[in-house]
Amino acid sequence: MKFYAILSIIFLLPFMAIAQTKNLPQLGKNSLKDVINAMTLEEKAHLVVGNARRRGSAPQAGPVIGETQDKVPGAAGTTFPILRLGIPSIVVADGPAGLRISPFRNKDSSRSYYATAFPVATLLASSWDTDLVKKVGVAFGSEVHDYGVDILLAPALNIHRNPLGGRNFEYYSEDPLIVGSMTAAIVNGIQSNGAGTSIKHFAANNQETNRNTINTIVSERALREIYLKGFQIAVKRSAPWTVMSSYNKLNGTYTSEEYDLLTTILRKEWGYKGFVMTDWTGGKDPIAQMKAGNDLLMPGNPQQVQRIINAVNHDSLDVKILDQNVERILNIILLSPSFKGYKYSDKPDLKKDAEISRMAAAEGMVLLKNNNNVLPLKSKTKIAVFGNTSYDIIAGGTGSGDVNKAYTISLVQGLMNAGYILNEALDNRYTSYIADAKANRPKPRGFFDRLKPIEELDLSPELLSQKANEDDVAVITLGRNAGEGADRKLENDYYLSDKEKALIKNISDAFHSKGKKVIVILNIGGVIEVNSWRDNVDAILLAWQPGLEAGNAIADIIAGKVNPSGKLATTFPVDYKDVPSAKNFPGKEFPEMADTSNPRFRQVPAEVTYEEGIYVGYRYYNTFNVMPAYEFGYGLSYTNFRYSNLKLSSPLFNGKLSATITIINTGAVAGKEVVQLYVSAPHKKLDKPSEELKAFAKTQLLKPGQSQTIIFNLNATDLASFDTKSSSWIAEVGKYAIKIGASSKDIKQTSTFTLAKDIIVEKDHKVLAPQVSIKEMKSDQ
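Residues numbered from 1 in each chain as written. Predicted model: local features only at pLDDT ≥ 70, side-chain atom pairs only at ≥ 80, totals over all residues. Heavy atoms only, no water.

Draft legend 1. Looking closely at the overall build of the chain. Looking only at helices and strands, one finds 23 helices and 29 strands in the chain. Seen through its C-alpha atoms, the chain measures out along the principal axes to roughly 105 × 70 × 55 Å. Considering the chain as a whole, with its 781 residues, one finds that 61% of them fall into the buried category. Contacts spanning at least 24 positions in sequence make up 77% of the contacts within the chain whose residues lie at least 6 apart. About 31,300 Å² of surface is accessible on the chain, with carbon and sulfur atoms providing 51% of the total. Side chains of the chain give 91 positive and 81 negative charges; the mean places of these two sets differ by 3 Å. (Helix = DSSP H or I, 4+ residues; strand = E, 2+ residues; numbered from the N terminus. Buried < 20%, exposed > 50% of the residue type's maximum accessible area, 1.4 Å probe, protein only. Contact = heavy atoms within 4.5 Å. Areas by Shrake-Rupley, 256 points an atom, 1.4 Å probe, with all protein chains shown as cover. Lys, Arg positive; Asp, Glu negative; His and termini not counted. Charge placed at Lys NZ, Arg CZ, Asp CG, Glu CD.)

Here it is as structure tokens:
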């Protein structure tokens, strides 16, 4: 009888569980309050901590980036499921230029899960085209959705404070308006698919050196005007599902533990409704993170869970705060494909997305030099192609910004596809050299290990003379790569190596002696020095890192199939010493205070002071009359444009003002122009840059002789600067100048208007002040 009784109980257990579940509140069917009230403390603690991997039954430390092997192999992490309450696990995955997941699963090579490598953010920003960037976002988001990912850990929108920043390729610009506008555009595109984003890294995360320990010391004004403004624009224009806090400290406190950053500013001032997650292993104190409003700790570990449970039990963490963290996460889970039961296909339209990637890449390339209209090249031109990167092109950066893609079109492939005739002997020589060099160099030891670039091939004067006789033109590609975990170096990176300098000089001498031209392609993720060698060549095309269709997109520009319309969203200085942050980047270390408890990850306390204040990028170069090599907003075209008929709606500012200007294509081929509006403001009360970008637009494709009238609308917010003393945004009384042009230096039309009295546009909280005095740069020095 006992046997049958036990058997009956075993048989009934599933039905009892179902009945019990039916009586429990369910996410999406009951109120969030009821669901949260039904959760145990342990469940709440697990939900706010990323879902640790499990070996057997014991939870282990969470995955590092790209190691999750659950629902979507290669994704960055997952959240903890509570199935009895209808709460699923959601999947988060990198990255900024394409979905980063494993291309193969379970050692099965018969089925692939490749994603599209889109152009890097710096290239997209160089398009100055938010409609284009939104299209990229739509394509990008369709892959996120179709591969079963709920939240993309992108885009990244930190400021290009210094050209040596290792992740600058992931970021858009030195200007917060460009940063915020591009971020909002791509977020709106991605999230239109029903998948979410995580804009990062919040905030003042502008270097990789000592990124886990660096204390960023920055003034309230520079923080508000430069380093937070892009995030504010993105939050208000696109409502990203999540925000990722950064690794660094901000004026003494880790950002993930800073209440005034994550709650006072982000939520109370900006009205943000999503949740905040840490960067992977970011911050130190999970209790402080909960209190600050950092709702999700990623990738998660059991120690964090237990510390949160203990804190609630011992009254050092109010359960109401934990409930609020849980509620914010649940609000986003309700939006997720996983909660909605979406049956993802694992079959995105990669062919269509590659076409979008190619189009976007060409639209964001910047023609820096084109003496005597060397470009475009006619079909069937015989080209001698030099430089390792011509044959082994760089689609995108390294680290979490890398993408597992099916292919990358090299420059030589792209040129052949476009109908050019390449030097076969030179092709064979480079291909063999690169293959041998790769075979003999050590393999990467880990996620952050970056391989040393292959040295440029030695080419004799006799060979170069021979190629100059055989071919019509020389093309040289210079390549640079960087990524997560380290900043760039000056020698052999920002500056050309000796072999690269010799390559350019020797090729230029050989081809120029025969009356033939030399073109340089820059396949780079960040700014390099160009001033010392640019006079040796006839044309320079800045291709950035263009994604998987790289070679085809470059060939589209070379052939004139696409007229270049990109403009620089970051300045190219004459020399590194001209960079306003050169003297204090990447800061100073305190080795005597180093944490040596983990020999593999020795952490050295460090700090960096943003002594340049608001004078970042062109704000510095223009105000202090420091001539750059190529200024912010610069870029050439195969055609010409005339700006005319600038009109303001009123000579007096009464809360809003519009400016109209007409752009006409005066050249011989169709093209697009980026129109930039800068404002020069009175500066009797507050120190200000000589001008600041306040609006921009890209024309449609204008045929020769065709014109388009652009309308810009400005409001008081566009005129205001942050006054630290009153914690207010103030538009100052006086005369303002509207400057509209083709770059920050090439102003075509100017007009003025007057503001009769000060306008206090916004009153903010007095928060995040530096704990030490900063001797900031001033324009009257």
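Draft legend 2. Expanded view of the nonpolar core. Ranked by internal contacts, the top residues of the largest apolar core, which has 164 residues, are Phe 202, Phe 386, Leu 522, Trp 533 and Phe 572. Those residues in contact with Phe 202, other than ones at most four positions away along the chain, are Leu 228, Phe 231, Val 243, Met 244, Ser 245, Ser 246, Thr 255, Leu 261, Leu 262, Leu 266 and Trp 270. Judged by nonpolar contacts, the second largest core, of 43 residues, contains Trp 241, Met 244, Ile 287 and Leu 297. (Core = buried A, V, L, I, M, F, W, Y, C linked by side-chain atoms within 4.5 Å.)

Draft legend 3. Fine view of the packing of helix α18 (residues 461-470) against helix α20 (residues 498-512). Closest axis-to-axis distance for the α18/α20 pair is 8 Å, and the angle between their directions is 45°. By the angle between their axes, α18 is oblique relative to α20. Here the hand of the crossing between α18 and α20 comes out right-handed. In this structure, α18 uses Leu 464, Ser 465, Lys 467 and Ala 468 to contact α20, whose residues at the interface are Asn 506, Ile 507, Ala 510 and Phe 511. Among the residues making up the contact of α18 with α20, the classes are represented as 5 nonpolar, 2 polar and 1 charged. (Axes fitted to C-alpha atoms, helices over the stretch in contact; angles between N-to-C directions. Parallel < 35°, antiparallel > 145°, perpendicular 65-115°, else oblique. Left-handed = near helix turned anticlockwise from the far one by under 90°. Nonpolar A, V, L, I, M, F, W, Y, C, P; charged D, E, K, R; others polar.)

Draft legend 4. Up close: the confidence of the model for the chain. Of the residues in the chain, 94% have a pLDDT of 70 or more, and the chain-wide mean is 94. When the criterion is pLDDT under 50, residues 5-10 qualifies, and its contacts beyond four places in sequence or with other chains add up to 0 contacts. Predicted confidence for residues 54-67 stays below pLDDT 50, and this span has 41 contacts to residues more than four positions away or in other chains. (pLDDT = per-residue confidence, 0-100.)

Draft legend 5. Layout of the pairing of strand β15 (residues 473-479). With 7 of 7 residues buried, β15 is to be regarded as a mostly interior element. Burial along β15 is two-sided: the residues Val 473, Val 475, Thr 477 and Gly 479 and Ala 474, Ile 476 and Leu 478 are all buried. Relative to β15, strand β13 (residues 382-386) runs parallel, the two sharing 4 bridges. When the bridges of β15 are listed, Ala 384 appears paired with Ala 474. Two strands pair when backbone bridges link them, and β15 and strand β16 (residues 517-523) are joined in this way by 7 bridges, in the parallel orientation. When the bridges of β16 are listed, Thr 477 appears paired with Ile 521. (Pairing = 2+ DSSP bridges.)

Draft legend 6. Representation of the sheet that holds strand β23 (residues 692-698) within the structure. Spatial strand order, β23-β22-β27-β28: 4 strands in an open sheet with antiparallel pairing. Looking at strand neighbours, the two that pair on one side only are β23 and β28 (747-755), the edges of this open sheet. If you compare each strand with its neighbour and ignore which way they point, the axes differ by 20° on average. Sheet topology places strand β22 (residues 674-680) next to strand β27 (residues 734-741); 5 bridges connect them, and they run antiparallel. Considered in β27, the bridge of Gln 676 is made with Gly 741.

Draft legend 7. Structural view of the pattern of salt bridges. Following the criterion strictly, the structure yields 39 salt bridges and no others. The partner of Lys 766 in a salt bridge is Glu 220, and the shortest N-O contact between them spans 3.1 Å. With Lys 766 in the segment after β29 (759-763) and Glu 220 in helix α7 (residues 220-227), this residue pair connects regions lying 546 residues apart in the sequence. A salt bridge links Arg 488 to Asp 493; the nearest nitrogen and oxygen atoms lie 3.0 Å apart. Each member of the pair, Arg 488 together with Asp 493, is buried. Connected via shared salt-bridge partners are Arg 167, Glu 170, Glu 208, Arg 211 and Glu 484. (Salt bridge = Lys/Arg side-chain N within 4 Å of Asp/Glu carboxyl O.)

Draft legend 8. Just the packing of aromatic side chains, in detail. A complete count under the given rule lists 22 aromatic pairs for this structure. Seen from their ring centres, Tyr 618 and Tyr 678 are 5.9 Å apart, and the 80° between their planes marks the pair as edge-to-face. On the criterion of sequence distance, the pair formed by Tyr 618 in helix α22 (residues 618-623) and Tyr 678 in strand β22 is long-range, its members being 60 residues apart. Summarising the burial analysis for this pair, Tyr 618 and Tyr 678 share the class buried. Taken together, the ring pairs connect Trp 128, Tyr 618, Phe 632, Tyr 678 and Phe 696 into an aromatic cluster. Between the NZ or CZ atom of Arg 161 and the centre of the ring of Tyr 610, over which it lies, the distance is 3.8 Å. (Phe/Tyr/Trp six-rings, centres within 6.5 Å; stacked < 30°, edge-to-face > 60°. Lys NZ or Arg CZ within 6 Å of the ring centre and 35° of its normal.)

Draft legend 9. Region of the structure containing the side chain of Thr 278. Note on placement: Thr 278 falls in the loop between β11 (275-277) and α10 (286-292). One polar contact links the side chain of Thr 278 to the main-chain amide nitrogen of Met 298, over a distance of 2.8 Å. Filtering out sequence-adjacent residues up to four positions away, Thr 278 remains in contact with Met 244, Ser 245, Ser 256, Gln 289, Asn 294, Leu 296, Leu 297 and Met 298. (Polar contact = N/O pair within 3.5 Å; in protein donor to acceptor, adjacent residues only side chain to side chain.)

Draft legend 10. Structural view of α7. Extensive coverage of α7 is indicated by the burial of 8 of its 8 residues. Considered for burial, the residues of α7 that qualify are Glu 220, Arg 221, Ala 222, Leu 223, Arg 224, Glu 225, Ile 226 and Tyr 227.

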